[in-house]
Amino acid sequence: MHLGTCYFPEHWPRERWAQDAAMMAEIGIDRVRLGEFAWSRIEPEPGSFDWEWLDEAIEVLAAAGHKLILCTPTATPPKWLVDRMPDMVALDREGRPRGFGSRRHYCFSHDGYAAEAARIARVVAERYGRHDAVVGWQTDNEYGCHDTVQSFSAAAREGFRRWLAGRYDSIGALNEAWGNVFWSMEYRDFAEIELPNLTVTEANPAHWLAFRRYSSDRVIDFNRTQSQILRECSPGRDIMHNAMGFYTGYDHHDLGRDLDVMGWDSYPLGFLEMFRFSDTEKRQFARSGHPDIAAFHHDLYRGTTNGGRWNVLEQQPGPVNWARHNPAPAPGMVRLWTLEAMAHGAEMVSYFRWRQFPKAQEQMHAGILRTDASPAPAHGEVAQSAQDIAAIGTLGEAPKHAALVFAYDAEWVTQIQPQGEGCSALWAAFRSYEALRRLGLNVDIVSPAADVALYPLVVIPCLPILPDGFAQRLAQLDGQLVIGPRTGTRDPDFAIPDAQPLADLLGGEILLSETLGRGIAHEGDGWAVTRWLDHFEGEADAELVAEDGTVACWRHGNTRLCTGWPEGALISEILTRAALDAGLPTVPMPAHRRRRDCGHTVFTFDYSDGSVTWEKR
Ligand code: GAL
């Protein structure tokens, strides 16, 4: 595994570059990512390019032995471009333009901007694509960051109408599929369809789901155009993108088909602060991050490209600037996160960023160097990680224990129609993942298109829309199967299907689904049904029954149905039983410890702040 860093030569005097390059090499860094926000420096005036500085930066870095990942600078269209085509900016959900002065202000549906993005990608790729030091490309930067996938612009409305017309045979077919007879929402023509924002109360969930799909497709198209240009002008180099944590605004399985390597940006402390963790977890893991945050994304993004290749394009090196609170990582955490990425199969961990910039929006965000170029705490940990990686050497093949099935449209369905607070498919996946890892198992997070028959245990925490043929494939599994709420309950147009597609597998049907407020919990032996409850009737066996008779888990052959929301002690209990039936080698882990079995090497990661002594056996 390589170590890398994100470097912004344009932030620093030229005289400094050679020293930076040498210092990187000294601590074991040999990959440098650059150029992602440099449009205004590359093309200061329309059509007039200043390559000199970037040529020199590339030569200086290459001379120090670094291999480079260049970026297309399309996340930051310069002011002159916005002024030339003011309608290229995205409109937010309230219909307000997203102004110039930060980044990601473009609308994915704007043809004029798409052409400009393709143009700048091509000129950069033509100039550097065949340079010996260039080994990879990152397209744009973090699609969707700052809530930028959806735009409610005129261009988006036009595009959405065309997309719908391509998807439905006629407007009548769309009305029928969406149920537009309800509330007199019927259209006479595709040209009458508006975007789903600004309605009085909620818009039709089918309308929203279609718009989520449309918006996701725009990202995929935008990225595909760049990938094609890069493949043409820079043959043999890896194409990658840096995805985000807990982010589902576009379908990453779709994106991965156009990439060689899926990258992601790992900020465990920022994510702990910003996402749905309990106060106890936030306190316990304030300086380490919850022990599943990084690994969940490693195991998710590994499943998004055909070859399973992935890396960490940005790794938190110290405090960030964007969460509610921004603590420093505990000593040792940067090293731990690095080695954990290795254990999960990363090809590279690249730290964001080399040196803290004393100006502008991210002046409080740490780097490997401080603003004055002295080493920040991460510096020593990066050097130590490089030595560890060399000492550990090549890993064996990770045995396949459990497949956790996740689809992006599952999260879209549960966001559009949560039905109860906290009922999110993504979080059902996260908490099921946590429970599997507390059993010491390896987990692959896969799309429903993956070959789930390869796994002794398959877990589907929440998958409302089953792709064609998936129910049949599940019926043929030899392994153990655990199914959670809402699975198979919607067709692709968000309608409830006439027949429940999993009825045979489950040995019965769900007759009623309800969500439970804080006042209602059906307690069992150390577990409870909370948040959600499916009332099931059929021939299955009641395996977990609460004190009041509520059934929390039904079992039919090798299939278990979890009737409550899959989280906490309930999903742990069910997965423990399923893992036992699957004959898996479970190794129970305390809340702060995780393991990864890599064949001849087994890693154990301890997220507590105490010291741990290991006995060599
Ligand atoms: C990422 C982004 C970087 C930087 C970083 C700060 O989301 O890609 O450009 O802003 O966060 O943590």
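Residues numbered from 1 in each chain as written. Predicted model: local features only at pLDDT ≥ 70, side-chain atom pairs only at ≥ 80, totals over all residues. Heavy atoms only, no water.

### Considering the domain arrangement of the chain
Assigned domains within the chain: domain 1 (266–393) and domain 2 (402–597). On a C-alpha basis, the centroid separation for the pair domain 1 and domain 2 is 30 Å. The partner domain 2 presents 19 residues to the 20 residues of domain 1 that form the contact. Summed over both partners, the interface of domain 1 with domain 2 buries about 1,700 Å², with 56% contributed by carbon and sulfur atoms. Contact with domain 2 buries surface across domain 1, with Arg276, Asp292 and Phe296 losing the most and accounting together for 38% of the total. At the boundary of domain 1 with domain 2, the tally comes to five salt bridges. In this structure, Arg431 engages Glu281 in a salt bridge whose closest nitrogen and oxygen atoms are separated by 2.9 Å. There are 13 residue pairs in polar contact (both at pLDDT 80 or more) connecting domain 1 and domain 2. (Domains from an automatic or database assignment. Contact = heavy atoms within 4.5 Å. Buried area = accessible area lost by both parts, 1.4 Å probe. Salt bridge = Lys/Arg side-chain N within 4 Å of Asp/Glu carboxyl O. Polar contact = N/O pair within 3.5 Å; in protein donor to acceptor, adjacent residues only side chain to side chain.)

### Things to note about a nonpolar patch on the surface
Judged by side-chain polarity, Val181, Phe182 and Trp183 come together as a nonpolar surface patch covering roughly 390 Å² of accessible area. Take Phe182: it is sitting in the loop between helix H7 (171–178) and helix H8 (205–233). (Patch = residues over 30% accessible without salt bridge, like charges linked within 9 Å, V, L, I, M, F, W, Y side chains within 5 Å. Areas by Shrake-Rupley, 256 points an atom, 1.4 Å probe, with all protein chains shown as cover. Helix = DSSP H or I, 4+ residues; strand = E, 2+ residues; numbered from the N terminus.)

### Re the sheet that holds strand E9 (residues 402–405)
Ordered by their spatial adjacency, seven strands build an open sheet running E10-E9-E11-E12-E19-E18-E17, and the pairing between neighbours is mixed. The open sheet terminates on both sides in strands that have one partner only, identified here as strand E10 (443–446) and strand E17 (541–545). Strand-to-strand twist of the sheet, defined as the mean angle between neighbouring strand axes without regard to direction, takes the value 20 degrees. Relative to strand E18 (residues 551–556), E17 runs antiparallel, the two being bridged by four bridges. Residue pairing for E18: Leu544 is matched across the bridge by Cys553. (Pairing = 2+ DSSP bridges. Axes fitted to C-alpha atoms, helices over the stretch in contact; angles between N-to-C directions.)

### Structural notes on the side chain of Glu273
Checked against the element boundaries, Glu273 lands in helix H10 (residues 268–274). Given a relative accessible area of 12%, Glu273 falls into the buried group. If near-sequence neighbours (up to four positions away) are discounted, Glu273 is found in contact with Lys282, Ala323, Arg324 and His325. (Buried < 20%, exposed > 50% of the residue type's maximum accessible area, 1.4 Å probe, protein only.)

### Some details on the side chain of Lys282
Tracing the sequence through the fold places Lys282 in helix H11 (residues 279–284). Among buried Asp, Glu, Lys and Arg side chains, Lys282 stands out as unpaired, with Glu273 the closest opposite charge at 5.2 Å. Sequence-distant contacts of Lys282, defined by excluding residues within four places in its chain, comprise Leu272, Glu273, Phe275, Phe277 and Arg324. (Lys, Arg positive; Asp, Glu negative; His and termini not counted.)

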